[in-house]
2 protein chains.
Amino acid sequence: MGELRIIPVTGIGEINRADDLAGMICDAVTQMGEQILDRDVLVVTQKIVSKAEGAMEQVDPSDPLSHKPLVERESVRIVRRRGDLIISETKHGFVCANAGIDLSNVESGWAALLPDDPDRSARRIRDGVRGRCGADTAVIVSDTFGRTWRRGVTDVAIGSAGITAVLDLRGSRDAYGRELQVTEVAIVDEIAGAADLVMGKATGVPVAIVRGVDESAFISERAARSSVAADLVRKPSEDLFR
Amino acid sequence: MGELRIIPVTGIGEINRADDLAGMICDAVTQMGEQILDRDVLVVTQKIVSKAEGAMEQVDPSDPLSHKPLVERESVRIVRRRGDLIISETKHGFVCANAGIDLSNVESGWAALLPDDPDRSARRIRDGVRGRCGADTAVIVSDTFGRTWRRGVTDVAIGSAGITAVLDLRGSRDAYGRELQVTEVAIVDEIAGAADLVMGKATGVPVAIVRGVDESAFISERAARSSVAADLVRKPSEDLFR
């Protein structure tokens with residue numbers, strides 16, 4: 001494996017409903033004097049995807065809890081509740097705080113919901129970028145989730161296209177020739193978290209290019225079948241914490 | 001924020017008890033024609049730290065479950081159990097499978113335990129690298145953990161030194177001037193996961209250099225006080241899932 005580069009994409013500007021995200025990303029990269037290449041992974045934050053798709057709802061800007069009814073509406077099941085904090089399961093199968101709804105980096109009086117189908121959002125951006133720049137990329141839609149047992153949030157993948165979301169190493173052997181015990185690596189989550197390191201939460205960088213991900217993630221028959229919903233969301237029957 | 005580079009460190013070779021990890025890392029980087037720079041983050045996998053510290057135990061190589069008594073011994077509390085799978089809390093406060101004990105990438109007949117104090121391990125490597133190469137780095141000791149609700153494993157930080165483990169953005173404002181709701185970002189976990197993208201599980205690359213992490217992570221008064229144990233392990237009283 002070689003070196004990995006993570007390049008923040010600057011200059012994308014404000015996103016409005018029905019904006020052509022793929023086109024705006026291609027333009028911004030060109031403006032930077034960069035190029036999008038085959039096998040680049042474009043990590044796009046959920047917030048601009050939700051804005052472009054109109055996944056927004058009006059809330060009372062004077063009430064910091066005015067989005068809580070939306071949280072109940074967007075939840076299929078409440079997993080834990082403590083004070084104002086709600087950990088719930090969304091229709092996508094994600095378990096996260098406030099059903100993924102938040103108020104930061106959106107206009108006052110609005111709340112951003114999760115995209116209806118983040119894998120589809122990723123596929124659309126991927127197809128758009130291919131049409132516009134000709135590059136055969138992968139796309140990850142990222143969001144910021146908390147975790148059990150560990151403080152702090154990290155960015156994870158809520159949608160993906162063109163990449164194997166969970167790399168299955170079954171049959172691989174370690175340096176001693178022994179079959180690996182840990183066989184499934186959630187590389188799209190590692191890539192989403194890596195991209196956050198150049199995005200920050202306050203800097204207004206909503207896209208990053210991750211270049212140099214190992215080619216095994218792009219084996220086309222596997223990557224074409226893979227998505228966050230298909231491979232990364234754990235079935236309730238497999239889950240010890242639901 | 002600028003670009004981030006993640007450089008795999010190759011050529012480290014087999015690690016034995018009492019080996020000088022810092023020296024071996026400096027030598028390998030020099031052999032590569034690279035240099036370790038101030039504010040580089042060195043991510044070092046738990047496996048080589050445990051080997052160098054002798055945190056190894058003999059097990060019966062013919063019995064794939066022979067490390068299970070060690071798992072019970074190294075656990076302070078069993079959190080969940082299903083079949084052979086044990087999710088438990090370690091003395092460090094980590095909640096993970098098999099108390100972090102595993103058999104891959106170690107010689108047959110041996111199991112690697114977690115280091116006694118992974119933050120101390122990180123500090124030692126950091127001090128050693130400074131003594132040897134003069135560079136003021138940060139060091140993260142990484143390990144591979146599963147997660148609730150999401151399939152696949154990712155690499156996370158189990159020890160750190162010289163870096164603010166959890167970046168507190170309280171008081172920061174978003175692009176709309178609103179105070180951020182999500183205030184604590186577990187950047188050492190994002191960095192550990194990012195480094196795994198150049199390490200793989202089967203390639204024998206146990207160290208990576210992450211270059212270009214935002215300078216806010218290195219503000220010295222904060223970074224000096226920070227560690228995984230101090231900042232990242234969630235107290236049981238704050239935890240909804242223990």
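Residues numbered from 1 in each chain as written. Chains lettered and ligands numbered in written order. Predicted model: local features only at pLDDT ≥ 70, side-chain atom pairs only at ≥ 80, totals over all residues. Heavy atoms only, no water.

A. Structural context of the overall build of chain A. Helix and strand counts for chain A come out as seven helices and 12 strands. Its C-alpha atoms give chain A a radius of gyration of 18 Å, within 12% of the compact-globule value 18 Å for 242 residues. In terms of its C-alpha atoms, chain A occupies a principal-axis envelope of roughly 60 × 45 × 30 Å. Counting the 242 residues in chain A, one finds 58% classified as buried. (Helix = DSSP H or I, 4+ residues; strand = E, 2+ residues; numbered from the N terminus. Rg over C-alpha atoms; globule rule 2.2 N^0.38 Å. Buried < 20%, exposed > 50% of the residue type's maximum accessible area, 1.4 Å probe, protein only.)

B. Structural context of the packing of helix H1 (residues 21–31) of chain B against helix H4 (residues 118–133) of chain B. All names here are of chain B. Close contact between H1 and H4 brings their axes to 8 Å; oriented N to C, the two are set at 50 degrees. Between H1 and H4, the crossing angle belongs to the class labelled oblique. You can see that H1 and H4 cross each other, and the crossing is right-handed. In contact with Leu21, Ala22, Gly23, Ile25, Cys26 and Asp27 of H1, H4 contributes Ile125, Gly128, Val129, Arg132 and Cys133. For the contact of H1 with H4, a count of residues per class yields seven nonpolar, two polar and two charged. (Axes fitted to C-alpha atoms, helices over the stretch in contact; angles between N-to-C directions. Parallel < 35°, antiparallel > 145°, perpendicular 65-115°, else oblique. Left-handed = near helix turned anticlockwise from the far one by under 90°. Contact = heavy atoms within 4.5 Å. Nonpolar A, V, L, I, M, F, W, Y, C, P; charged D, E, K, R; others polar.)

C. A look at the sheet that holds strand S4 (residues 75–82) of chain B. Residues and elements named next belong to chain B. In spatial order, the strands read S4-S5-S6; together these three strands make up an open sheet with antiparallel pairing. The strands lining the two open edges of the sheet, one partner per strand, are S4 and strand S6 (95–97). Averaged over all neighbouring strand pairs, the angle between strand axes comes to 30 degrees, with direction disregarded. Bridge count between S4 and strand S5 (residues 85–90): six bridges; the pairing is antiparallel. Across the sheet, arginine 80 pairs through a bridge with isoleucine 87, a residue of S5. (Pairing = 2+ DSSP bridges.)

D. Structural view of the sheet that holds strand S6 (residues 95–97) of chain A. Residues and elements named next belong to chain A. Strand order in the open sheet formed by three strands is S4-S5-S6, with antiparallel pairing between adjacent strands. For this open sheet the edge positions go to strand S4 (75–82) and S6, each flanked by a neighbour on one side alone. Averaged over neighbouring strand pairs, the angle between their axes works out to 30 degrees when direction is ignored.

E. Main features of the packing of aromatic side chains. Residue and element names in this part refer to chain A. This model, assessed by the stated rule, comprises four aromatic pairs over all chains. Between phenylalanine 94 and phenylalanine 145, the aromatic rings sit 6.0 Å apart at their centres with planes inclined by 70 degrees, giving edge-to-face as the arrangement. You can see phenylalanine 94 sitting in the loop between strand S5 (85–90) and S6 and its partner phenylalanine 145 sitting in strand S8 (residues 138–145), a full 51 residues away along the chain. In terms of burial, phenylalanine 94 and phenylalanine 145 fall into one category: buried. (Phe/Tyr/Trp six-rings, centres within 6.5 Å; stacked < 30°, edge-to-face > 60°.)

F. Representation of the nonpolar core within the structure. Residues A:Val41 and B:Val41 are the most contacted members of the largest nonpolar core, which totals 130 residues. Those residues within four positions of A:Val41 in sequence are excluded, and the remaining contacts are A:Ala138, A:Ile140, A:Ile163, A:Ile191, A:Ala208, A:Ile209, A:Val210, A:Val213 and A:Phe218. The next biggest cluster of nonpolar side chains, apart from the first, holds 12 residues, and it includes A:Val79, A:Trp149, A:Phe241 and B:Val79. (Core = buried A, V, L, I, M, F, W, Y, C linked by side-chain atoms within 4.5 Å.)

G. View of the environment of A:Leu70. Of note, A:Leu70 is situated in helix H3 (residues 68–74). For A:Leu70 and A:Glu57, which are 13 residues apart along the polypeptide, the C-alpha to C-alpha distance reads 8.4 Å.

H. Fine view of H4(B). All names here are of chain B. Its 16 residues place the ends of H4 22 Å apart at the C-alpha level, agreeing with the 22 Å of an ideal helix rising 1.5 Å per residue. Considered for burial, the residues of H4 that qualify are Pro118, Asp119, Ser121, Ala122, Ile125, Arg126 and Val129. Down the axis of H4, the buried set is contained in an arc of 160 degrees. They therefore lie on one face. Once H4 finishes, glycine 134 follows within two positions and takes phi at roughly 80 degrees, a positive value. (Expected span 1.5 Å × (residues − 1). Arc of directions from axis to C-beta.)

I. A look at the state of the cysteines. Residue and element names in this part refer to chain A. Counted according to the given criterion, the structure contains two disulfides over all chains. Two residues, cysteine 26 and cysteine 133, share a disulfide whose sulfurs are 2.2 Å apart. Between cysteine 26 and cysteine 133, the disulfide has an S-S torsion of -135 degrees and is therefore left-handed. Of this pair, cysteine 26 sits in helix H1 (residues 21–31) while cysteine 133 sits in helix H4 (residues 118–133); the two residues are 107 residues apart in sequence, bridging distant segments of the chain. (Disulfide = S-S within 2.5 Å.)

J. Region of the structure containing the interface of chain B and chain A. Between chain B and chain A, the contact holds 76 residues from the first and 76 residues from the second. Around 7100 Å² of area is buried between chain B and chain A when both sides are counted, 55% of it from carbon and sulfur atoms. For the pair chain B and chain A, the number of links is eight salt bridges. A salt bridge links B:Arg147 to A:Asp189; the shortest N-O distance between them is 2.7 Å. Counting every contact that joins chain B to chain A gives 37 residue pairs in polar contact (both at pLDDT 80 or more). Counting only elements with at least two residues in the side of chain B that touches chain A, the list comes to strand S1 (4–9), S4, S5, strand S8 (138–145), strand S9 (154–161), strand S11 (184–185), helix H5 (187–199) and helix H7 (228–232) of chain B. Ranked by residue count, the leading element in the side of chain B that touches chain A is H5(B), at 10 residues. (Buried area = accessible area lost by both parts, 1.4 Å probe. Salt bridge = Lys/Arg side-chain N within 4 Å of Asp/Glu carboxyl O. Polar contact = N/O pair within 3.5 Å; in protein donor to acceptor, adjacent residues only side chain to side chain.)

K. Representation of unusual backbone geometry within the structure. All names here are of chain A. Even without being a glycine, alanine 18 presents a positive backbone phi close to 75 degrees. On the secondary structure map, alanine 18 appears in the loop between strand S1 (4–9) and H1. We classify alanine 18 as exposed; its relative accessible area is 67%. Positive phi is not limited to glycine here, since arginine 39 has a value of about 70 degrees. Tracing the backbone shows arginine 39 in the loop between H1 and strand S2 (41–45).

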